[in-house]
Amino acid sequence: MNLAESISCVDIVECQECIDAVAEMSFNEWPKECMDVGIHSVEEYAEDIRNNYLEPNSWPLIIVAFRGVELVGAVAIDPNDMECRPNLKPWLASLLVKPQHRGKGIGGILISAVLKRGQNLGLGKMYLWCKRDMEKLYISRGFHVHEYMDDFCGHPVTIMEHDFCEPEKILE
């Protein structure tokens, strides 16, 4: 069995028992960023998920990835992942793969899953920001450069855009 066959991706609505684990994984990965948006603990992160990400068949949403029964990653569609660009929405946000599972293609599987979900929801576009060294990953998934910023969260970043209306971007 190849890796893609061993990874299952589901909406967090379908596995609410994993909310605390997703919150812990995410808060521990990005404590400064969480605090910058007013989330000061794992418990507050879990509360945010429960309050904002559990509406079926809509967004914001979180998709979680499992290898067997082990949670290995998550990704979100958020209304705004960059307060200085409120006109851009929605955002592919919070892509996270546990450290011991990185470099195995799970991030790509999560990106494909969230893009498919965005397409199914009828989204026209989706944005993300990434450090410049990650551009190629997203370009290979149908994103293109929207804008370069010299400093966001202490790093030069690229804002990228995926246009679901472009024929070559329609996902099978």
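Report follows, based on the coordinates.

About the thresholds
Residues numbered from 1 in each chain as written. Predicted model: local features only at pLDDT ≥ 70, side-chain atom pairs only at ≥ 80, totals over all residues. Heavy atoms only, no water. Buried < 20%, exposed > 50% of the residue type's maximum accessible area, 1.4 Å probe, protein only. Helix = DSSP H or I, 4+ residues; strand = E, 2+ residues; numbered from the N terminus. Pairing = 2+ DSSP bridges. Contact = heavy atoms within 4.5 Å. Salt bridge = Lys/Arg side-chain N within 4 Å of Asp/Glu carboxyl O. Core = buried A, V, L, I, M, F, W, Y, C linked by side-chain atoms within 4.5 Å. Phe/Tyr/Trp six-rings, centres within 6.5 Å; stacked < 30°, edge-to-face > 60°.

## Brief notes about the pairing of strand β7 (residues 155-163)
Counting buried residues in β7 gives seven out of nine residues, a clear majority hidden from the surface. Where strand β6 (residues 144-152) and β7 come together, six bridges link them in antiparallel fashion. The residue bridging His144 from the neighbouring strand is Glu161, located in β7. Counted along the chain from β6 to the antiparallel partner β7, the turn is two residues long, and its residue Cys153 has a positive phi close to 55°.

## With respect to helix α2 (residues 19-29)
Among the residues making up α2, those that are buried are Ile19, Val22, Ala23, Met25, Ser26 and Phe27. As for α2, its buried residues are in contact with α3 (31-36), α4 (42-52), β2 (61-67), β3 (70-78) and β4 (91-97).

## Details of the pattern of salt bridges
Under the definition given, this model contains six salt bridges. With a closest N to O distance of 2.6 Å, Asp11 and Arg117 form a salt bridge. Of this pair, Asp11 sits in strand β1 (residues 7-11) while Arg117 sits in helix α5 (residues 106-120), placing them 106 residues apart in sequence. For the residue pair Asp11 and Arg117, the accessibility class agrees, reading buried in each case. Here Arg50 ties to Asp20 by a salt bridge, and the two come within 3.0 Å at their closest N and O atoms. Here Arg50 is found in helix α4, whereas its partner Asp20 is found in helix α2, with 30 residues between them in sequence. Residue classification places Arg50 among the partly exposed positions, given a relative accessible area of 38%.

## Considering the nonpolar core
Ranked by internal contacts, the top residues of the largest apolar core, which has 24 residues, are Leu92 and Phe143. At the level of elements, β2, β3, β4, α5 and β5 (125-131) are the ones that each hand at least two residues to this core. Top contributing element to this core by residue count: α5, with seven residues. Non-local contacts of Phe143, meaning those with residues more than four positions away in its chain, are made with Leu92, Ile111, Leu115, Met126, Leu128, Tyr138, Met160, Glu161 and His162. Counting 21 residues, the second-largest nonpolar core is a separate cluster that includes Ile12, Cys34, Tyr45 and Phe66.

## Considering unusual backbone geometry
That bond from Trp59 to Pro60 is cis: its omega, 10°, falls within 30 degrees of zero. The topology assignment puts Pro60 in the loop between α4 and β2. The amide bond that connects Lys89 to the next residue, Pro90, takes the cis arrangement and shows omega of -5°. Along the polypeptide, Pro90 turns up in the loop between β3 and β4. For Asn57, which is not glycine, the phi torsion reads 60° and is therefore positive. Its location among the elements puts Asn57 in the loop between α4 and β2. Positive phi, close to 55°, is recorded for Ser94, a residue that is not glycine. Position of Ser94 among the secondary structure elements: in strand β4.

## Describing the packing of aromatic side chains
This model, assessed by the stated rule, comprises three aromatic pairs. Between Trp91 and Tyr127, the aromatic rings sit 6.0 Å apart at their centres with planes inclined by 45°, giving tilted as the arrangement. Note that Trp91 is positioned in strand β4 and Tyr127 in strand β5, a separation of 36 residues in sequence. Given the relative accessible area of 0%, Trp91 is considered buried. Pairing Trp129 with Phe152 gives two aromatic rings, centres 4.9 Å apart and planes at 80°, and the pair type is edge-to-face. Within this pair, whereas Trp129 is found in strand β5, its partner Phe152 is found in strand β6, the two being separated by 23 residues in sequence. When its relative accessible area of 15% is taken as the criterion, Phe152 is described as buried.

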